[in-house]
Amino acid sequence: MIVSANQRGSQMARAGTDDIATSSCGNSLDGKLCLQLESNSDCIDVLRSMVTVMTARAAMSDLRSNRVAIAVDELFANIAAHAYGGDPGKVEFETAIYSENEDQMLIFDFRDYAPVCWHGDIDKITSQPLDIEHLCPGGLGLRLIHSVADCCEHNVLENGNHWRLIFNIGDGENDECSA
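Residues numbered from 1 in each chain as written. Predicted model: local features only at pLDDT ≥ 70, side-chain atom pairs only at ≥ 80, totals over all residues. Heavy atoms only, no water.

Draft legend 1. A look at unusual backbone geometry. The phi dihedral of Ala59 is positive, around 55 degrees, even though this residue is not glycine. Judged by its relative accessible area of 68%, Ala59 falls in the exposed class. With a phi close to 60 degrees, Asn101 is a non-glycine residue in the positive phi region. Residue Asn101 is classed as exposed on the basis of its relative accessible area of 79%. (Buried < 20%, exposed > 50% of the residue type's maximum accessible area, 1.4 Å probe, protein only.)

Below, the structure written as structure tokens:
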């Protein structure tokens, strides 16, 4: 289904202000945006808009921007489906462009307050060969995220999870964590 910008705006308006809240994140001109979202599909358009803004600020190509959007969408969907089990839950989202020496990175941080139910190792999951003939649920989304992001990190917190996606800006796609 093709949705026009006006229809998308109407859909976002119907999502209601209860699903989306801005937080104090400093001046957005410094390359940082913050939101608090409800973990439901009504918020995905807002999340995608933030990805579009940040990848444009990072001067990423349309292809790279789309790949970033896929990884961010997949991580948000995983939090909603797996961490919260499809029930509503709070997700704090922050994105920023960071410079370190001559390197620039676009970073997306997700913080949820769901009970911690996964203590896996991303590198272990993504380094195992994929058995295409016997595909089954579990880890495919992480493989997608890992293949698109330059670095994907997960930290278990006392009361939830912190996920970080890092995309190198200057040199395109890369396989090394640099933050």
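Draft legend 2. Just the pattern of salt bridges, in detail. Applying the stated criterion to the full structure yields five salt bridges. The closest approach of N and O atoms between Lys32 and Glu94, which form a salt bridge, is 3.6 Å. One end of the pair, Lys32, is in strand β2 (residues 32–38); the other, Glu94, is in strand β3 (residues 90–100), with 62 residues separating them in the sequence. Judged by relative accessible area, which is 23%, Lys32 ranks as partly exposed. (Salt bridge = Lys/Arg side-chain N within 4 Å of Asp/Glu carboxyl O. Helix = DSSP H or I, 4+ residues; strand = E, 2+ residues; numbered from the N terminus.)

Draft legend 3. Highlighting helix α2 (residues 44–57). Along its 14 residues, α2 runs 20 Å from first to last C-alpha, staying within 8% of the 20 Å computed at 1.5 Å per residue. Three or more residues of α2 are buried, namely Ile44, Asp45, Val46, Leu47, Met50, Val51, Met54 and Thr55. (Expected span 1.5 Å × (residues − 1).)

Draft legend 4. Expanded view of the nonpolar core. Counting residues in each nonpolar core, the largest one holds 37 residues, and the members touching the most others are Val72, Phe108, Phe110, Leu165 and Phe167. Sorting the residues of this core by element identifies β2, α2, α3 (62–83), β3, β4 (103–112), α5 (140–148) and β6 (160–168) as the ones contributing at least two each. Among the elements that make up this core, the one with the highest residue count is α3 (eight residues). In contact with Leu165, other than residues within four places in its own chain, are Ala71, Val72, Leu75, Leu106, Ile107, Phe108, Phe110, Ile145, Ala149, Cys151 and Cys152. (Core = buried A, V, L, I, M, F, W, Y, C linked by side-chain atoms within 4.5 Å. Contact = heavy atoms within 4.5 Å.)

Draft legend 5. Main features of the environment of Phe76. Relative to the assigned elements, Phe76 resides in helix α3. On the basis of relative accessible area, Phe76 is assigned to the buried category, the value being 2%. Sequence separation between Phe76 and Asp112 is 36 residues; the distance between their C-alpha atoms is 10.0 Å. Setting aside residues no more than four positions away along its own chain, Phe76 makes contact with Leu37, Glu38, Ser39, Asn40, Cys43, Ile44, Leu47, Val91 and Phe110.

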